[in-house]
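Summary of the model geometry
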Amino acid sequence: MSQLNNKTAVITGGNSGIGYSTAKKFKAEGANVIIIGRSSEKVNTAAKELGVKGITADVSDLSAIDNAVNQIEKEFGKIDILFVNAGIFSPIPVGQISEKIFDNLMNINFKGAVFTIEKFLPIINDGGNIINLSSINAYTGMPNTAVYGASKAALNSYTRTAATELAPRKIRVNVVNPGPIATPIFGKTGMSEEQLKGLGDMMQNRIPLKRYGQPEEIAEMVAFLASDKASFITGGEYNVDGGTNINPLLIA
Ligand SMILES: NC(=O)c1ccc[n+]([C@@H]2O[C@H](COP(=O)([O-])OP(=O)(O)OC[C@H]3O[C@@H](n4cnc5c(N)ncnc54)[C@H](OP(=O)(O)O)[C@@H]3O)[C@@H](O)[C@H]2O)c1
C-alpha cells in the first residue's frame with residue numbers, strides 16, 4: 001500500500017537534487033506534492049517533469065514565503081508534510097569569511113528554514129510532520145565548512161525544541177543528516193572542475209562505503225519519516241552518510 005495516500009506535501013528546493021528525488025518518491029507513494037524553488041524557470045520545468053504543482057519563492061524572503069503559503073492554502077487547504085530542504089553550500093576558509101557569504105548561508109540554510117516553518121505552521125494539520133534537511137557537517141570539522149556546518153548545527157538544535165513545542169499538536173519534527181550526495185549542489189559553488197574532482201576523490205576515500213550517496217537514498221528516509229510508519233518518531237536525527245560519521249581512524 002502507498003505510504004502517503006491522501007497526504008499533501010510541500011518540499012522547498014524541490015526542483016533539484018534531494019528535493020526533486022523526494023518529490024518523485026512522495027508522488028509515487030500517493031501524496032499531492034507541491035515543490036517550491038527560487039527560479040521560476042527551474043521550478044516550472046521540474047514541476048512539469050514530475051507532474052506536481054510548482055511555486056516560485058526565495059526562502060530567504062519572508063514575504064515570498066507568505067505568498068507561497070497563501071497560494072497553497074487557497075488551492076489545497078491544509079497540508080500534512082513539510083520537507084524543509086532548500087539550501088546552499090558555500091565553502092570558505094576561516095580567516096576569509098565575508099559578511100556576504102555568512103549572511104547568504106545563514107539566510108537560506110537557517111533563517112529560511114525557521115521562517116518556512118513559522119509561516120507554514122498555521123496550515124499544517126495537527127498530526128502532520130516536518131522533516132528538516134541538515135548535514136553531517138553539523139558535527140564535523142571539515143575544512144572550509146565553518147559557516148555552512150554552523151548553519152546546519154543551528155537547524156538541528158532548532159529541530160529538537162520545535163519537536164518539543166509542537167508535540168501537543170501531534171506534529172512530529174525530525175532531521176536528516178546526509179553525507180556527501182551526488183547532486184548539482186557542488187557545481188553551484190563556483191569551484192573549478194579540477195577542484196570539484198579533487199574534493200570528490202578526497203571525500204569518497206573518507207566514506208566507509210567508498211561512494212557518494214544518491215538523492216534517492218535520502219528520499220527513502222524522508223518518505224519513511226513523513227509516513228505513519230514513523231508515528232512514534234519525533235525530535236530524531238538520522239545520518240544517511242555511508243558511515244562517514246563513524247569517523248573511523250583507519251579506512252578498511
Ligand atoms: N548534496 C550533498 O552532499 C548534501 C549533503 C548534506 C546536506 N545537503 C543539503 O541538502 C539540501 C538539498 O541540497 P542538494 O544537494 O539537493 O542540492 P541542490 O540540487 O542544489 O538543491 C538545492 C535546492 O534548494 C534550492 N534553493 C537554494 N536556495 C534557495 C532559496 N533561497 N529559496 C528557495 N530555494 C532555494 C535550489 O534552487 P536552485 O536549483 O535554483 O539552486 C535547489 O532547488 C540542502 O539543504 C543541502 O545543504 C546536501
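Cut-off values and rules
- Residues numbered from 1 in each chain as written.
- Predicted model: local features only at pLDDT ≥ 70, side-chain atom pairs only at ≥ 80, totals over all residues.
- Heavy atoms only, no water.
- Helix = DSSP H or I, 4+ residues; strand = E, 2+ residues; numbered from the N terminus.
- Rg over C-alpha atoms; globule rule 2.2 N^0.38 Å.
- Buried < 20%, exposed > 50% of the residue type's maximum accessible area, 1.4 Å probe, protein only.
- Contact = heavy atoms within 4.5 Å.
- Areas by Shrake-Rupley, 256 points an atom, 1.4 Å probe, with all protein chains shown as cover.
- Lys, Arg positive; Asp, Glu negative; His and termini not counted.
- Charge placed at Lys NZ, Arg CZ, Asp CG, Glu CD.
- Salt bridge = Lys/Arg side-chain N within 4 Å of Asp/Glu carboxyl O.
- Near = heavy atom within 4 Å.
- Polar contact = N/O pair within 3.5 Å; in protein donor to acceptor, adjacent residues only side chain to side chain.
- Nonpolar A, V, L, I, M, F, W, Y, C, P; charged D, E, K, R; others polar.

Here we look at the overall build of the chain
Looking only at helices and strands, one finds 7 helices and 7 strands in the chain. Start at the N end of the chain and walk to the C end: the helices and strands fall as β-α-β-α-β-α-β-α-β-α-β-α-α-β. Computed over C-alpha atoms, the radius of gyration of the chain comes to 17 Å, within 12% of the 18 Å expected from 2.2 N^0.38 for 252 residues, which places it in the range of a compact globule. Counting only C-alpha atoms and orienting by the principal axes, one finds that the chain spans roughly 50 × 35 × 35 Å. Expressed as a percentage of the 252 residues in the chain, the buried residues total 49%. Within the chain, residue pairs in contact and separated by at least 24 positions form 71% of the contacts whose partners lie at least 6 positions apart. For the chain, the accessible surface area stands at approximately 12100 Å², while carbon and sulfur atoms represent 53% of it. Separation of charge centres in the chain, based on 24 positive and 23 negative side chains, amounts to 3 Å.

Side note on the side chain of N137
The residue N137 is located in the loop between β5 (124-133) and α5 (146-166) in this model. In this structure N137 comes out as buried when scored by relative accessible area, which is 11%. In this view, N137 contacts M142, T145, Y148 and G149; residues no more than four positions away in its chain are not counted.

A look at the pattern of salt bridges
Under the counting rule described, the total for this entry stands at 9 salt bridges. The partner of E29 in a salt bridge is K25, with the nearest N and O atoms 3.0 Å apart. The residues E29 and K25 share a single accessibility class, namely buried.

Looking at the site of the ligand
Surveying the vicinity of the ligand reveals 29 residues, the closest of which are N15, S16, Y148, T183 and K188. Between the ligand and G13 there is a distance of 3.3 Å, counted from an oxygen atom to a backbone nitrogen or oxygen. Protein contacts shield 98% of the accessible area of the ligand, which totals 890 Å² for the unbound molecule. When contributions to the shell around the ligand are tallied by element, the ones reaching two or more residues are α1 (17-28) and α5. Among the residues making up the shell around the ligand, the classes are represented as 14 nonpolar, 10 polar and 5 charged.

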